[in-house]
Amino acid sequence: MARRSLLFSPGDRPELMRKAPATGADVVCFDLEDAVAPGRKDEARTAVRDVIADPDFAPDAEVCVRLTATDPAADLDALIGARTAEAASGDGSDDAEASPRLDAVMLPKVEGAERVERAAALCADRGLDPAVFALVETAGGVLDAEEIADADATDALIFGAEDLAADVGATRTDEGTEVLYAREHVVLAASAADVDALDTVYTDFSDTEGLREETAFALGLGYDGKLAIHPSQVDPINEAFTPDAEAIEWAERVLDARDEADREGRGVFSVDGEMVDAPLIAQAERIAERAAAAGLDRR
């Protein structure tokens, strides 16, 4: 599954939520947290429920909801209505509700694995089994990123630079050096746990060139995708995390040569006049995986 781009959409704006999949984002995330004023949480929960429970809402994108930090149980109850674990398991009753489309939940300000496990348990109690995205955006979260990523329920680790900077009192700069250690730490934790890593938002949605540069940097760090706050950001992000034809062809040559060397019992081989070692094979495998996730696999 590709998670190159995750587009946030305010939970109290149903017209935007319904349009979100048309942007081409791999994940659409309906936000009940930061994008919704405290006095509009109930209205937003109802709006999100109406969208994800609509039989006509069947996007190709992964559908995620960012739960509130303060009351995820109330969020889930509103999203699934009166459904129970028994009903969700299929008891054969004719009046069992159709399942709302909820592929994933995002948890804000995660600071420990127990938070992920509690959220997974809340979902299971309601007959749900969504992927869990853990948003690491505080000092405590960054320091515990390995434990969070390693939790059984964690599917993706997400880095949030803006809230982290506010938490530690850092000043955000264009260079981003104030959050670089944390940004690298999060992607390392995700890689060690073999879960996806999604990079922070780029807040100036009118600056496409700046977005392209930052996304390329995130790709270089090892991230699998990036958050978007505006539909115009989706295409540049997807393009950055999709290998181009030249890279795919190189990866195919390396992997074909590796397979041939394995068949012949050779431990050393070359491609395009260059000796290929384990790091280059790993790079080729990663390119092939990205290509396959984007539907470009030709092997």
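Residues numbered from 1 in each chain as written. Predicted model: local features only at pLDDT ≥ 70, side-chain atom pairs only at ≥ 80, totals over all residues. Heavy atoms only, no water.

Draft legend 1. Representation of the pattern of salt bridges. Applying the stated criterion across every chain yields a total of 26 salt bridges. A single salt-bridge network, built from bridges that share partners, covers Arg 3, Glu 62, Asp 155 and Asp 196. (Salt bridge = Lys/Arg side-chain N within 4 Å of Asp/Glu carboxyl O.)

Draft legend 2. Looking closely at helix α10 (residues 208-221). The end-to-end C-alpha separation of α10 is 20 Å, in line with the 20 Å expected for 14 residues at 1.5 Å each. For α10, every residue scored as buried is listed here: Gly 210, Leu 211, Glu 214, Thr 215 and Ala 218. Each buried residue of α10 sits inside an arc of 130 degrees when the element is viewed along its axis, so together they form one side. The exposed set on the far side of α10, more than 90 degrees from its buried face, consists of Glu 213 and Gly 220. One or two residues past the end of α10 sits Gly 222, with phi positive at roughly 115 degrees. (Helix = DSSP H or I, 4+ residues; strand = E, 2+ residues; numbered from the N terminus. Expected span 1.5 Å × (residues − 1). Buried < 20%, exposed > 50% of the residue type's maximum accessible area, 1.4 Å probe, protein only. Arc of directions from axis to C-beta.)

Draft legend 3. Expanded view of helix α8 (residues 161-168). Among the residues of α8, Ala 161, Leu 164 and Ala 165 are the ones counted as buried. Down the axis of α8, the buried side of the element spans an arc of 100 degrees, and every buried residue falls inside it. One or two positions beyond α8, positive phi appears at Gly 169, with a value near 80 degrees.

Draft legend 4. Seen up close, the packing of helix α9 (residues 180-193) against α10. Interhelical geometry of α9 versus α10 gives an angle of 50 degrees and a closest axis separation of 10 Å. With respect to α10, the axis of α9 lies oblique. Contact residues: α9 offers Leu 180, Arg 183, Glu 184 and Val 187, while α10 offers Glu 214, Phe 217, Ala 218 and Leu 221. Each residue belonging to the contact of α9 with α10 can be placed in one class, and the counts come to five nonpolar, no polar and three charged. (Axes fitted to C-alpha atoms, helices over the stretch in contact; angles between N-to-C directions. Parallel < 35°, antiparallel > 145°, perpendicular 65-115°, else oblique. Contact = heavy atoms within 4.5 Å. Nonpolar A, V, L, I, M, F, W, Y, C, P; charged D, E, K, R; others polar.)

Draft legend 5. Summary view of the environment of Phe 30. Structurally, the position occupied by Phe 30 is in strand β2 (residues 27-31). Residue classification places Phe 30 among the buried positions, given a relative accessible area of 0%. Put simply, Phe 30 and Val 65 are 35 residues apart on the chain and 4.7 Å apart in space, counted from C-alpha to C-alpha. With residues up to four places along the chain from it excluded, the contact list for Phe 30 reads Ser 9, Met 17, Ala 20, Val 48, Val 51, Ile 52, Phe 57, Val 63, Cys 64, Val 65 and Arg 66.

Draft legend 6. Summary view of the side chain of Thr 68. Following the sequence through the fold, Thr 68 ends up in the loop between β3 (62-66) and α3 (72-80). Setting aside its immediate chain neighbours within four residues, Thr 68 contacts Leu 32, Glu 33, Lys 41, Arg 45, Asp 75 and Pro 108.

Draft legend 7. The confidence of the model for the chain, seen in detail. Put simply, the chain has an average pLDDT of 91, and 93% of its residues get 70 or more. When the criterion is pLDDT under 50, residues 82-86 qualifies, and its contacts beyond four places in sequence or with other chains add up to 16 contacts. With pLDDT under 50 throughout, residues 92-96 is counted as low confidence; its partners more than four residues away or in other chains account for zero contacts. (pLDDT = per-residue confidence, 0-100.)

Draft legend 8. Expanded view of the environment of Thr 68. When its relative accessible area of 3% is taken as the criterion, Thr 68 is described as buried. Distance from Thr 68 to Arg 258, taken between C-alpha atoms, is 48 Å for residues 190 residues apart in sequence. Among the polar contacts made by the side chain of Thr 68, one reaches the main-chain amide nitrogen of Asp 71 at a distance of 3.2 Å. (Polar contact = N/O pair within 3.5 Å; in protein donor to acceptor, adjacent residues only side chain to side chain.)

Draft legend 9. Seen up close, a negative patch on the surface. On the surface, a cluster of negative charge is made up of Glu 114, Glu 117, Glu 146, Glu 147, Asp 150 and Asp 152. Contributing elements (two or more residues each) for the negative patch: α5 (113-125) and α7 (145-150). Counting residues per element, the negative patch draws most heavily on α7, at three residues. Here Glu 147 lies in helix α7. (Patch = residues over 30% accessible without salt bridge, like charges linked within 9 Å, V, L, I, M, F, W, Y side chains within 5 Å. Areas by Shrake-Rupley, 256 points an atom, 1.4 Å probe, with all protein chains shown as cover. Lys, Arg positive; Asp, Glu negative; His and termini not counted. Charge placed at Lys NZ, Arg CZ, Asp CG, Glu CD.)

Draft legend 10. Representation of the nonpolar core within the structure. Membership of the largest hydrophobic core comes to 59 residues, with the highest contact counts inside it found for Phe 30, Val 48, Val 65, Val 116, Leu 157, Phe 159 and Tyr 223. Those residues within four positions of Val 65 in sequence are excluded, and the remaining contacts are Cys 29, Phe 30, Leu 32, Val 48, Leu 79, Leu 102, Ala 104, Val 105 and Met 106. Grouped together as the second largest cluster of nonpolar side chains are 15 residues, Leu 6, Cys 29, Ala 104 and Ile 158 included. (Core = buried A, V, L, I, M, F, W, Y, C linked by side-chain atoms within 4.5 Å.)

Draft legend 11. Representation of unusual backbone geometry. The residue Lys 109 is not glycine, and still its phi comes out positive at about 50 degrees. Along the polypeptide, Lys 109 turns up in the loop between β4 (104-107) and α5. You will see that Asp 194, though not glycine, has its phi angle at about 60 degrees, which is positive. For Asp 194, the position within the fold is in the loop between α9 and β7 (196-199).

Draft legend 12. Quick look at the packing of helix α12 (residues 245-264) against helix α13 (residues 278-293). Contact pair α12 / α13: the axes reach a minimum separation of 9 Å and the direction vectors enclose 125 degrees. The angle between α12 and α13 places the two elements in the oblique class. Relative to α13, the crossing made by α12 is left-handed. For the pair formed by α12 and α13, the contact residues are Ala 247, Ile 248, Trp 250, Ala 251, Val 254, Leu 255 and Arg 258 on the first element and Leu 280, Ile 281, Gln 283, Ala 284, Glu 285, Ile 287, Ala 288 and Ala 291 on the second. Looking at the contact of α12 with α13 residue by residue, the class counts come to 12 nonpolar, one polar and two charged. (Left-handed = near helix turned anticlockwise from the far one by under 90°.)

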